[in-house]
Amino acid sequence: MGSSEMGKDSNFTDEERKSEMDIIEKNENSNKKTRRRKRSSIFPRFACMRLDDEVSVVETPSGECSFDVEASQNGHAPPPPHLVVMVNGLIGSADDWKYAAKQFVKAYSRDVIVHCSDSNCSTLTFDGVDIMGTRLAEEVLSVIKQHPHLQKISFVCHSLGGLVSRYAIAKLYEQGSARRACGEEMECSLNGSTNLCVEEVSKRKIAGLEPMNFITCATPHLGCRGHKQAPAFCGLYTLEKVASSSSWLLGRSGRHLFLKDCDEGKPPLLLRMASDSEDLPFISALQSFKRRVAYANTSFDYLVGWSTSSLRRRNELSKCRNLKKGDKYPHIVNVDEATSVSNQEETPTEAKINGRKSNEMEGNELLL
């Protein structure tokens, strides 16, 4: 009797254990679902963080240190048509963008392939904006050859990489024309006739692709010379002068950033990049992108000031206490639409570089 009772008790205990395990598994599954719901309820507020954890990301070497990041594709899915080129800043590398590239692909798995550039890494970033821009342009062309299905192109750049990319797109800029029908029984804008005619339409491309987005983050568009552009110098003229005299420490890039270059008697490169020069169509290339955004740090960036990275004059900056947060992106403040500058406000490029007023120097670059 005793042994049979013990057997019953042990069987009953096993059943209890099984039921407890089932309950635990159900609770874990419900907790996972709850976490997913919470995550999905939070991330839609931030469109830039609309991630899909089920997307597997493939990282493919594209050069010595560069790599392409894209979603793993099944046999039926078409390849992504949009190339996003990510460019590092001073003493940076392609690895700086690795995490961002993966998150970007997870958010837009069917649309983009991200290339993290390595043509200008480490001490190569001392070679100068023009040399680095030429290298980047060559790298972009080689990437496009590897992906012949590409149709669109965008650039996401950090710090000095923004200036390098602006030079590169000027090298890659192509302008052609196409002919389209004006429409039947419509007056043609070319010759005024009512016959079926064609109209010339300008087509602007970057390396043969449709330019979409050009985005810079903390890029010193106005350079670092004077005007309190580098907060680390505390706005002291003496420190800014010492820094300008020491620009050679950063090689040719330092001379470009501090507007100390005068190649063949020409104005500084950054000043020439504020318009279409004899050499390259800097502004036309930039204007070809459908969307152009400059992100600037309002505080805690001691190397690239708010003014130079946002293309504003000092008197155009808002007070920190008056910054307005956006509804869509709470971490982005003081969003301003670009305004064109009239011809009367333009400053001649031939104006003297040395001794000019700060608003004059800024004015040339603000034509962007």
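The rules behind these values
- Residues numbered from 1 in each chain as written.
- Predicted model: local features only at pLDDT ≥ 70, side-chain atom pairs only at ≥ 80, totals over all residues.
- Heavy atoms only, no water.
- Helix = DSSP H or I, 4+ residues; strand = E, 2+ residues; numbered from the N terminus.
- Buried < 20%, exposed > 50% of the residue type's maximum accessible area, 1.4 Å probe, protein only.
- pLDDT = per-residue confidence, 0-100.
- Contact = heavy atoms within 4.5 Å.
- Core = buried A, V, L, I, M, F, W, Y, C linked by side-chain atoms within 4.5 Å.

Looking at an unreviewed UniProt entry, one finds the chain named Lipase ROG1 isoform X2 and attributed to Nicotiana tabacum.

## Quick word on the environment of Lys319
With respect to the helices and strands, Lys319 occurs in the loop between α9 (306-310) and α10 (358-365). In this structure Lys319 comes out as exposed when scored by relative accessible area, which is 51%.

## Some words on the confidence of the model for the chain
Confidence in the prediction of the chain, expressed as mean pLDDT, is 75, and 64% of residues score 70 or more. Considering only residues more than four positions removed or in separate chains, one finds that residues 1-10, a stretch of pLDDT under 50, has 0 contacts. Ignoring residues within four places in sequence, the model shows residues 341-368, a span with pLDDT below 50, making 53 contacts including any to other chains.

## Notes on the nonpolar core
Most often, soluble globular proteins keep nonpolar side chains buried together rather than apart. Formed by 41 residues in total, the largest nonpolar core has its most connected members in Leu83, Val85, Val140, Ile153, Phe155, Ile169 and Ile206. For this core, the elements supplying multiple residues, two or more each, are β3 (82-87), α3 (129-146), β5 (152-158), α4 (160-172), α7 (269-272) and α8 (282-287). A per-element tally of this core places α4 first, with 8 residues. Contact partners of Ile169, with chain neighbours within four places excluded, come to Phe155, Ile206, Phe214, Ala285, Leu286 and Phe289. By size, the runner-up hydrophobic cluster in this structure holds 14 residues, among which are Ala71, Val84, Val105 and Cys116.

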